[in-house]
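Observations on the three-dimensional arrangement
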Amino acid sequence: MSVLVLLLAVSAACCLGLGFVLQQNAAQRAPLSDFLSPRLLLDLMRVPRWLGGTALMVAGMALGAVALGQGEVSFVEPLLATNLLFALALSRRQTGQPLGRQGWAGLTLLAGGVTAFIVAGEPRGGTAVADPLRHWLIIGAVVGLALLLTACAKRSRLSSAPVLLSLAAGLLYGVQDALTRISGQRFSAGGLTDLVTGWQPYGVLALGVTGLVLVQSAFETAPLRMSLPALTAAQPLAGILCGVGFLGDRLRTDTGALAWEAAGLAAIVTGIVLLGLHPAMPAGTAKPERVRDLQPQ
């Protein structure tokens, strides 16, 4: 079963990575009047490249949902972070940039970090926490942090807004993954009736749409190298927190295992940053007047 989950998660990462690049290619040409507005999605729906990227993203989320239904969140989330490898592959094809030392270092750190975390932590299922208070405390803390980052992005200068928005979207996507797993469990246990009578699938939808607006606003206002690393790093961290916090995921907690798990997460984040800042990532086409339009008055 772990091999199946591995294949599903990596396939999901591939679709997500390719989809993000296509979405950013289209979103960077959207009008800035749509910044952080649902109108942005309506305008982008007219762009074939964005629709193709969104179709890939939806396919990736569907594959990720199946993987989350079969495996632990703490196992699937680090694998989903490898979407940056596929994004870089498509970006290299578009820009013709060589991988170079930075690319190889980022690739090694990301792949090695994912391997170290999974091998050392040995993620496995356990008994989910029944106390709803614990669920709401963790979800509330993560969503609250995402809202705070979004509020700061609205007040910040353009140089930092895309990073803050991407961090917020990544946090929301991490919670969305956790709720997706719960929704899958409800469907398996009680069928469609049990699924639609719970709040979790509606939470998945709300978080997905909100995260999409945040991501596309970040893509609209800055190069992919500024937004995708933050998005890719925040999602697995939030997902693992939810998995261990209330879904019952269990990791090894002896001193050696904890050290390797921490080192693996650090390597994942470092690798994500190196790959995200690689020259092959699209530099965007934002013009100076677009930058001035978003500056706070």
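Because the structure is predicted, anything quoted here is derived from the model rather than measured.

Re the packing of helix α1 (residues 2-27) against helix α3 (residues 48-70)
Where α1 meets α3, the closest approach of the two axes is 7 Å, and the angle between their N-to-C directions is 160°. Considered as vectors, α1 and α3 are oriented roughly antiparallel to each other. Here the hand of the crossing between α1 and α3 comes out left-handed. Partitioning the contact of α1 with α3 into residue classes produces 18 nonpolar, ten polar and one charged.

Brief notes about a nonpolar patch on the surface
Taken together, the side chains of F187, L192, V196 and Y202 present a nonpolar region at the surface, about 410 Å² in accessible area. A total of three residues in the nonpolar patch trace back to one element, the largest contributor, which is helix α8 (residues 161-196).

Observations regarding unusual backbone geometry
Residue E122 is not a glycine yet carries a positive backbone phi of 45°. Positionally, E122 belongs in the loop between α6 (100-121) and α7 (132-155).

Some details on helix α4 (residues 73-80)
Burial of α4 is extensive: eight of the eight residues sit out of reach of the surface. What α4 keeps buried is the set V73, S74, F75, V76, E77, P78, L79 and L80.

A closer look at helix α9 (residues 200-221)
Between its terminal C-alpha atoms α9 stretches 32 Å, which fits the 32 Å expected from 22 residues at 1.5 Å a residue. Within α9, 16 of the 22 residues are buried, which leaves the element mostly enclosed by the surrounding structure.

A few points about the environment of G64
Structurally, G64 can be placed in helix α3. A relative accessible area of 5% places G64 in the buried class. In this structure the C-alpha to C-alpha distance between G64 and D249, which are 185 residues apart in sequence, comes to 17 Å.

Describing the pattern of salt bridges
If you walk through the whole model with that rule in mind, you get four salt bridges. Between R46 and D43 there is a salt bridge, with the nearest N and O atoms lying 3.9 Å from each other. According to the relative accessible area criterion, D43 is partly exposed, its value standing at 22%. The partner of E122 in a salt bridge is R252, with the nearest N and O atoms 3.8 Å apart. Remark: R252 occurs in the loop between α10 (224-245) and α11 (255-276) and E122 occurs in the loop between α6 and α7; sequence separation between them is 130 residues. Since its relative accessible area comes to 29%, R252 is described here as partly exposed. Shared partners join several salt bridges into a network, and the residues in it are E122, R252 and D254.

So, how was this worked out
Residues numbered from 1 in each chain as written. Predicted model: local features only at pLDDT ≥ 70, side-chain atom pairs only at ≥ 80, totals over all residues. Heavy atoms only, no water. Axes fitted to C-alpha atoms, helices over the stretch in contact; angles between N-to-C directions. Helix = DSSP H or I, 4+ residues; strand = E, 2+ residues; numbered from the N terminus. Parallel < 35°, antiparallel > 145°, perpendicular 65-115°, else oblique. Left-handed = near helix turned anticlockwise from the far one by under 90°. Nonpolar A, V, L, I, M, F, W, Y, C, P; charged D, E, K, R; others polar. Patch = residues over 30% accessible without salt bridge, like charges linked within 9 Å, V, L, I, M, F, W, Y side chains within 5 Å. Areas by Shrake-Rupley, 256 points an atom, 1.4 Å probe, with all protein chains shown as cover. Salt bridge = Lys/Arg side-chain N within 4 Å of Asp/Glu carboxyl O. Buried < 20%, exposed > 50% of the residue type's maximum accessible area, 1.4 Å probe, protein only. Expected span 1.5 Å × (residues − 1).

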